[in-house]
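Each chain is listed here by its residues.
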Amino acid sequence: MPARARRTLFPEVVIERDSDTEKSSDDEEEVEDDVVESDDQEEDEVEVDARKVKEAEVSSPANKKGKAHITISLKKVCKVCKRTGHQAGFQGPTYIDCPMKPCFLCKLPGHTTVDCPHRAAMEFGVIPASRKRTNNSLDYVFERQVRHRVPSIKPEFVIPDEVNCAVIRYHSRRVTCLEFHPTNNNILLSGDKKGQLGVWDFGKVHEKTVYSNIHTCLLNNMKFSPANDGTVYAASSDGTMSSTDLETGLSTPLLDLNPNGWQGPNTWTMLYGMDLNAEKSLVLVADSSGFLHMVDTRSNSKKGNPVLIHKKGTKVVGLHINPFQPDLLLSCGNDHFVRIWDIRRLEPESCLHSLPHKRVVNSAYFSPLTGSKIVTTSIDNRIRVWDSIFGNLDTPSREIVHSHDFNRHLTPFRAEWDPKDPSESLVVVGRYISENYNGLALHPIDFIDISTGQLIAEVMDPNITTISPVNKLHPRDDVLASGSSRSLFIWRPKEKSDEVAQEKDERKIVVCDNRKNKKFGDGSDDDDDDDDDFKSKKGKKSGKSKGKKPILVTTPSSSKKKKF
DNA sequence: AGATCATGCGCCC
DNA sequence: TGGGCGCCCTGATC
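Residue positions are given per chain, counting from 1 as you read along its sequence in written order. Each chain gets a letter, beginning with A, and each ligand a number, beginning with 1, in the order they are written. Owing to the predicted nature of the model, reporting of local features is limited to residues with pLDDT of at least 70; listing and counting of side-chain atom pairs is limited to 80 or more, with chain, interface and lining totals taken over all residues. Side-chain calculation: all heavy atoms of the structure are included, whereas hydrogens and water are not.

### Quick notes on the protein's contact with DNA strand B
Near residues are defined by distance, with any heavy atom within 4 Å of the molecule or strand qualifying the residue. DNA strand B sits among K193, K315, N334, H336, R359, V360, I379, F406, R408 and H409. When atoms of DNA strand B within 4 Å of the protein are split into backbone and base, the sugar-phosphate part holds 49%. Throughout this description, a polar contact denotes any pair of N or O atoms lying within 3.5 Å of each other; where both atoms belong to protein, one of them has to be capable of donating a hydrogen while the other can accept it, and for residues adjacent in sequence the pair is counted only when both atoms sit in side chains. Contacts to DNA strand B include N334, whose side-chain N or O atom sits 3.2 Å from a phosphate oxygen. Contacts to DNA strand B include R408, whose side-chain N or O atom sits 2.6 Å from a base oxygen. When residue character is reported, Ala, Val, Leu, Ile, Met, Phe, Trp, Tyr, Cys and Pro are called nonpolar, Asp, Glu, Lys and Arg charged, and the others, Gly included, polar. A per-class count over the surface near DNA strand B returns three nonpolar, three polar and four charged.

Structural data, given as structure tokens:
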């Protein structure tokens, strides 16, 4: 597997052990504080031998209030653990870990990220559950009613792996969510941290609209109305849930949890998870204090009282209605739990199942066709899979180690199903950790077979050096949409996008700069810019390959895409 | 090129 | 139980 081969790209790093490192870290910190504000005069005095510096630090009686007596160049100090003798950070496109910290990927002790076995081949990260045969009535129901809907032969996966078109700096803040139009194959909706809603016709690359007056902050989730595909519901951190007409941009607030405006951070409530129940014409939204709210879309009025579905005071970040049995609701949140509910009997403590996680859960989804599997993404760097909601739910069927750490500046990662995969085993998820790809530090978007934990494809483009935490697969076409920082990208399978490119005389890349900044292009019409802008700013961590246009996308191997 | 900032969650007292 | 502090691969801007 090429992933394994990739490992050879990592230089062997031998770090000399500093014999003093165990000593008094408190002192060190105090000294450092002083160092930062110290005077310049003595700058030249101190010399660079790390060991010497160390001794100086420990022995110097740094006076608490006044000036420090010594000035030390911080160059030789590890920026992670503040110790000397090694340094963490990028060296070219390769990140060198701080050896004092546990593995950044699997979080287990005994090795650093570079040596982590999960990094080389993802399937090593799979922790299978012991096979439990319960033979209870739910198993029986599953075998009888659901099993036949799950195809036993896995189809070939088609991986959209080449950037077909992109909108750079479309949003003025990072992208938070994406949604494909239910009937128009070329429309992609995107929400951002500022509450703006983007409508992009990626078939005619230049056609794009941004509605900026719907919400005032983070657009956390949106869904199309099943009754009318011109209407979108959106939940926002401004505490409102709205219904918007895409044609006119007219928006109606259906729920406002902060009717009295800002009364301080303790009273402000935000809306996160949201989903719809078409049968009952309900919008379900969950807030930042553990409650679920329901709104009837026929009367546009609240239905019932809010129900506490997660620990009081914690965010409920995700809701999902079971596609096969719409009375089943899945919720997940910051209390480290995923819960399954029957919305006909919604009361606190009445959940059908609680699925415990080690850390905050970013997302939890039923499988898109039969609704019988569950995939969750948690910030403990694990994707968890339950193969059947009718089976034993005590432990997940598999845990897949995957780098999608929490970072306050990134939209939380979510593993998303491929809605077209009849075997319900393909999932996309962005990767946090970077890898050295021909001299570039890139963060790929991973396609994972959750039935085995195998990494099917890692999709990246040398021009996209930012992390892509938001990804969505098209419900009908072989298209992947991804949101990376403020930009949106549409990926198609390589062959196909070549055809499309030949057929069309369209520009693929649009730079949509919301600010009045001239730096991009020459101040002329945005739409006249092209690929140069696409590449421009990038390459911070990139080593060599600057000017050339390398192969766009790599997948582990071509054979992998086929034959299952 | 380097400094600055934005600002969520875990953990510790 | 709650406030305060610290943070490992960010990204944009100046």
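This is not the end of the story, as more comes after the structure.
### A short note on unusual backbone geometry
In this model, S281 sits at a positive phi of 50°, which is unusual for a non-glycine residue. Positive phi values are uncommon outside glycine, yet H336 reaches one of about 75°. Each helix is a run of DSSP H or I of at least 4 residues and each strand a run of E of at least 2, with the numbering of both proceeding from the N terminus. Secondary-structure assignment places H336 in the loop between strand 19 (328-333) and strand 20 (337-342). Exposure categories follow from relative accessible area, calculated using a 1.4 Å probe and restricted to protein chains: below 20% of the type maximum is buried, above 50% is exposed, and the middle band is partly exposed. Judged by relative accessible area, H336 falls into the partly exposed class, the value being 29%.

### So, empty space enclosed by the protein
Cavity means a closed set of points on a 1 Å grid over the protein atoms alone, one where a 1.4 Å probe fits but cannot get out, pocket means an open set with protein on both sides within 12 Å along at least 5 of 7 lines, and lining means a residue has an atom within 4 Å of a point. Grid points are joined across faces, edges and corners, and a volume is the space filled by probe spheres set on the points. For the coordinates displayed, the defined rule picks out four cavities of 30 Å³ or more. Of the volumes computed, that of the second largest cavity is approximately 50 Å³. A breakdown of the residues in the lining of the second largest cavity according to their chemical character gives seven nonpolar, three polar and one charged.

### Focus: the protein's contact with DNA strand C
With respect to spatial proximity, 22 residues lie near DNA strand C, and among them P102, I433, S434, I467 and S485 are the closest. Near the protein, meaning within 4 Å, the atoms of DNA strand C are sugar or phosphate in a fraction of 60%, with bases accounting for the rest. Within the backbone of P102, an N or O atom sits 2.5 Å from a base nitrogen of DNA strand C. Take R408: an N or O atom from its side chain is 3.2 Å from a base nitrogen of DNA strand C. Across the surface near DNA strand C, the residue classes tally to eight nonpolar, six polar and eight charged.

### What to know about the side chain of S482
With respect to the helices and strands, S482 occurs in strand 33 (residues 480-484). Of the polar contacts made by the side chain of S482, one reaches the side chain of W491; its length is 2.8 Å. The residues contacting S482, other than those within four sequence positions of it, are L178, I445, S468, V470, N471, S487, L488, F489 and W491. Note on contacts: a residue pair qualifies if any of its non-hydrogen atoms lie within 4.5 Å across the two residues.

### Some words on the sheet that holds strand 11 (residues 240-245)
Pairs of strands are assigned from DSSP output, requiring at least two bridges between the strands. The four strands are arranged 9-10-11-12 in an open sheet whose pairing can be described as antiparallel. Strands with a single pairing partner mark the edges of an open sheet, and in this sheet they are strand 9 (219-224) and strand 12 (251-256). Each adjacent strand pair in this sheet contributes to an overall mean axis angle of 20°, direction not counted. Angular values range over 0 to 180 degrees, each being the angle between N-to-C directions of two axes fitted as lines to C-alpha atoms, with helices fitted over their stretch in contact.

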